[in-house]
Amino acid sequence: MQYWLMKSEPDEVSIDDVMSAKDKTVPWFGVRNYQARNFMRDAMQEGDGVLFYHSSCPEPGIAGIAEVASGPYPDATQFDPKSHYYDAKATQEQPRWISVDVKGVRKTRLLSLAEMRTLPQLADMVVLQKGSRLSITPVTAAQWKQVLALLKGA
């Protein structure tokens, strides 16, 4: 089992949206970075743990726990000319972008980026590294356990 931190802008898809979706499951769409895409395509597996992170908002941070709920499949938004995520170079035969489904496990208290930065046990998390902008990053088993312990009962 692997663990991931997945960033979503809450005005696009929030942890509340996930928890109220049918089967608490949503497609993870709109990833347009090759490294993040490759994580979804090549490394993620159904059942992997996800720290659901709210980004580009007044108080960014981990807002819930989720899991990867499907294998990779083509991101439909790349084919839609009306979509903000449209990619004219993508074809049905050779899609460029990938989605996976993510299933909410539980909403938690917000573990803010500011709070995370004060915790020495999380200092090596990719999301806390200077210049880290990836929307999907790996999380170690130790980091996963630390975050779950911090959010226990939350």
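Residues numbered from 1 in each chain as written. Predicted model: local features only at pLDDT ≥ 70, side-chain atom pairs only at ≥ 80, totals over all residues. Heavy atoms only, no water.

Identification of the chain as EVE domain-containing protein from Pseudoduganella guangdongensis is taken from an unreviewed UniProt entry.

*Asks:* I would appreciate a short explanation of the overall build of the chain in the present structure.
*Replies:* Secondary structure summary: the chain contains four helices and seven strands in total. Secondary structure elements of the chain occur, N-terminal to C-terminal, as β-α-β-α-β-β-β-β-α-β-α. Since a compact globule built from 154 residues should have a radius of gyration of about 15 Å, the 15 Å found for the chain is in line with a globular shape. Principal-axis analysis of the C-alpha atoms gives the chain an extent of 45 × 35 × 30 Å. Taking all 154 residues of the chain together, the buried fraction comes to 44%. Partitioning the contacts of the chain with sequence separation of at least 6, the portion at a separation of at least 24 is 73%. When the accessible surface of the chain is split by element, carbon and sulfur atoms take 51% of a total near 8,200 Å². In the chain, 18 side chains carry a positive charge and 18 a negative one; their mean positions are 4 Å apart. (Helix = DSSP H or I, 4+ residues; strand = E, 2+ residues; numbered from the N terminus. Rg over C-alpha atoms; globule rule 2.2 N^0.38 Å. Buried < 20%, exposed > 50% of the residue type's maximum accessible area, 1.4 Å probe, protein only. Contact = heavy atoms within 4.5 Å. Areas by Shrake-Rupley, 256 points an atom, 1.4 Å probe, with all protein chains shown as cover. Lys, Arg positive; Asp, Glu negative; His and termini not counted. Charge placed at Lys NZ, Arg CZ, Asp CG, Glu CD.)

*Asks:* What am I meant to see in the environment of glycine 47 here?
*Replies:* In this structure, glycine 47 sits in the loop between helix H2 (34–43) and strand E3 (49–54). Judged by relative accessible area, which is 27%, glycine 47 ranks as partly exposed. Linking glycine 47 and alanine 66, residues 19 residues apart in sequence, is a C-alpha distance of 9.2 Å. Beyond its immediate chain neighbours, meaning those up to four positions away, glycine 47 contacts Met1, Glu67 and Val68.

*Asks:* Looking at this model, I keep getting lost on the layout of surface pockets. Mind explaining?
*Replies:* It is a probe the size of a water molecule, rolled over the atoms, that shows where empty space is left. Taken as a whole, the largest pocket holds about 730 Å³ of empty space. Every residue lining the largest pocket is counted, 27 residues in all, and those nearest its centre are Lys7, Glu9, Ser55, Arg133 and Ser135. Sorting the residues of the lining of the largest pocket by element identifies strand E1 (3–8), strand E2 (25–28) and helix H3 (113–117) as the ones contributing at least two each. Classifying every residue of the lining of the largest pocket by side-chain character gives 12 nonpolar, nine polar and six charged. (1 Å grid on protein atoms, 1.4 Å probe; cavity = no way out; pocket = protein on both sides within 12 Å on 5 of 7 lines; lining within 4 Å. Points joined across faces, edges and corners; volume = space filled by probe spheres on them. Nonpolar A, V, L, I, M, F, W, Y, C, P; charged D, E, K, R; others polar.)

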